[in-house]
Amino acid sequence: MRKPMIAGNWKMHKIISESVALSEKIKNTLEKNVHVDVVVCPVFTALNSVYSVLEDTDIGLGAQNLYWEKEGAFTGEISPIMLKDSGCEYVIIGHSERRKYFSETDEMVNKKIKAALEIGLTPIVCVGETLEEREAAKETAVINAQLEGAFNNIDINDMGNVIIAYEPVWAIGTGKTATPQQAQQIHQFIRQWLTDNKDNEVSAAIRILYGGSVKPENIKELMDNEDIDGALVGGASLKAETFAQIVKNAKEVI
Ligand code: PGA
């Protein structure tokens, strides 16, 4: 049985005081012991302050990126151990905005996943096709290539610590959600890929989140599908009430 997860990706929003206020509000709005794993991913500068707020709760902390080296002359980068040191348990890797604006390749995603796993951070690995690719009916080919690149040479024993997020690029921040059927079809494809390329156990255990314009109104119908185990939420995670409502609606499904 996979425990549902709702993760909030705050992207490049909120200074430290705002991040602290939002995390305090989320903490106070969420019921205790929910049957959903809840994670928030603030900007780097706010990580440790948010950690202080959430330390004594079940709400997990994640970063939005990392660099794969441990330390060194890599101006502007941040290492896995630095994220751990800030209180992180999770890290988003390979988000489509990083692929698009910062030229992240599947090979870089692969190095980042390995570095995260090595230090004991749980990577939330993002895959997803663009509108152009979907219109050309290439979505499964694109996702297949992204999965092959991302999980190349990653030990089966480490795969249990991985979370995958399917985020169709055309649905991110556009208000255009994939239909539950479209999402389920790709989630099933990803799970089948895991069976074929890793093993049955890994495939059955890995949580696959959906991301792209998730709101309180659509989370239920998305999660009604067998292979959709939760969501990576952008815009709707920036308001405590909305985020808590998504968690609540996700919880009611099980
Ligand atoms: P959105 O973003 O919910 O604002 O569409 C999702 C994401 O990019 O993770």
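Residues numbered from 1 in each chain as written. Predicted model: local features only at pLDDT ≥ 70, side-chain atom pairs only at ≥ 80, totals over all residues. Heavy atoms only, no water.

1. Some words on the overall build of the protein chain
Now for step 1: A tally of regular secondary structure across the protein chain gives 12 helices and 8 strands.
Now for step 2: Against the compact-globule benchmark of 18 Å for 254 residues, the protein chain has a radius of gyration of 17 Å, which places it among compact chains.
Now for step 3: The 254 residues of the protein chain split such that 52% are buried.
Now for step 4: Where the 26 positive side-chain charges of the protein chain centre and where its 37 negative ones centre are 4 Å apart. (Helix = DSSP H or I, 4+ residues; strand = E, 2+ residues; numbered from the N terminus. Rg over C-alpha atoms; globule rule 2.2 N^0.38 Å. Buried < 20%, exposed > 50% of the residue type's maximum accessible area, 1.4 Å probe, protein only. Lys, Arg positive; Asp, Glu negative; His and termini not counted. Charge placed at Lys NZ, Arg CZ, Asp CG, Glu CD.)

2. A short note on the packing of aromatic side chains
Now for step 1: Going through the model one piece at a time under the given rule, you end up with 4 aromatic pairs.
Now for step 2: On the numbers, 6.3 Å between centres and 45 degrees between planes, the contact of Phe 151 with Trp 193 is tilted. Taken together, the residues Phe 151 in the loop between helix H7 (139-150) and helix H8 (156-159) and Trp 193 in helix H9 (residues 180-197) connect sequence positions 42 residues apart. Across this residue pair, the class does not change: Phe 151 and Trp 193 are buried. (Phe/Tyr/Trp six-rings, centres within 6.5 Å; stacked < 30°, edge-to-face > 60°.)

3. Observations concerning the pairing of strand E7 (residues 207-211)
Now for step 1: With 5 of 5 residues buried, E7 is to be regarded as a mostly interior element.
Now for step 2: Every second residue of E7 is oriented toward a common face, with Arg 207, Leu 209 and Gly 211 on one face and Ile 208 and Tyr 210 on the other, all of them buried.
Now for step 3: Relative to E7, strand E6 (residues 163-166) is paired through 4 bridges, and the arrangement is parallel. By the bridge assignment for E7, Tyr 166 is matched with Tyr 210.
Now for step 4: One ladder, built from 2 bridges, connects E7 with strand E8 (residues 230-233); its direction is parallel. The residue of E8 that forms the bridge with Tyr 210 is Ala 231. (Pairing = 2+ DSSP bridges.)

4. Description of the sheet that holds E8
Now for step 1: The parallel closed barrel is built from 8 strands, whose spatial order is E1-E2-E3-E4-E5-E6-E7-E8. Between one strand and the next, the sheet's axes are offset by a mean angle of 25 degrees, whatever the strand orientation.
Now for step 2: For strand E1 (residues 5-9) and E8, the ladder comprises 4 bridges, and the chain directions are parallel. Paired with Ala 7 across the strands is Leu 232, a residue of E8. (Axes fitted to C-alpha atoms, helices over the stretch in contact; angles between N-to-C directions.)

5. A few points about the layout of surface pockets
Now for step 1: Of the pockets and cavities examined, the largest pocket occupies roughly 440 Å³.
Now for step 2: Lys 11, Met 12, Gln 64, Arg 98 and Phe 102 are, among the 15 residues lining the largest pocket, the residues nearest its centre.
Now for step 3: Sorting elements by how many residues they give to the lining of the largest pocket places helix H4 (residues 96-101) first, with 3 residues.
Now for step 4: Around the second largest pocket, the lining is made up of 14 residues, and of these Glu 31, Lys 32, Thr 57, Asp 58 and Ile 59 lie nearest the centre. (1 Å grid on protein atoms, 1.4 Å probe; cavity = no way out; pocket = protein on both sides within 12 Å on 5 of 7 lines; lining within 4 Å. Points joined across faces, edges and corners; volume = space filled by probe spheres on them.)

6. As for the side chain of Asn 225
Now for step 1: Position of Asn 225 among the secondary structure elements: in the loop between helix H11 (219-223) and E8.
Now for step 2: At 3.1 Å, the side chain of Asn 225 and the backbone oxygen of Leu 222 are in polar contact.
Now for step 3: Setting aside residues no more than four positions away along its own chain, Asn 225 makes contact with Pro 180 and Gln 184. (Polar contact = N/O pair within 3.5 Å; in protein donor to acceptor, adjacent residues only side chain to side chain. Contact = heavy atoms within 4.5 Å.)

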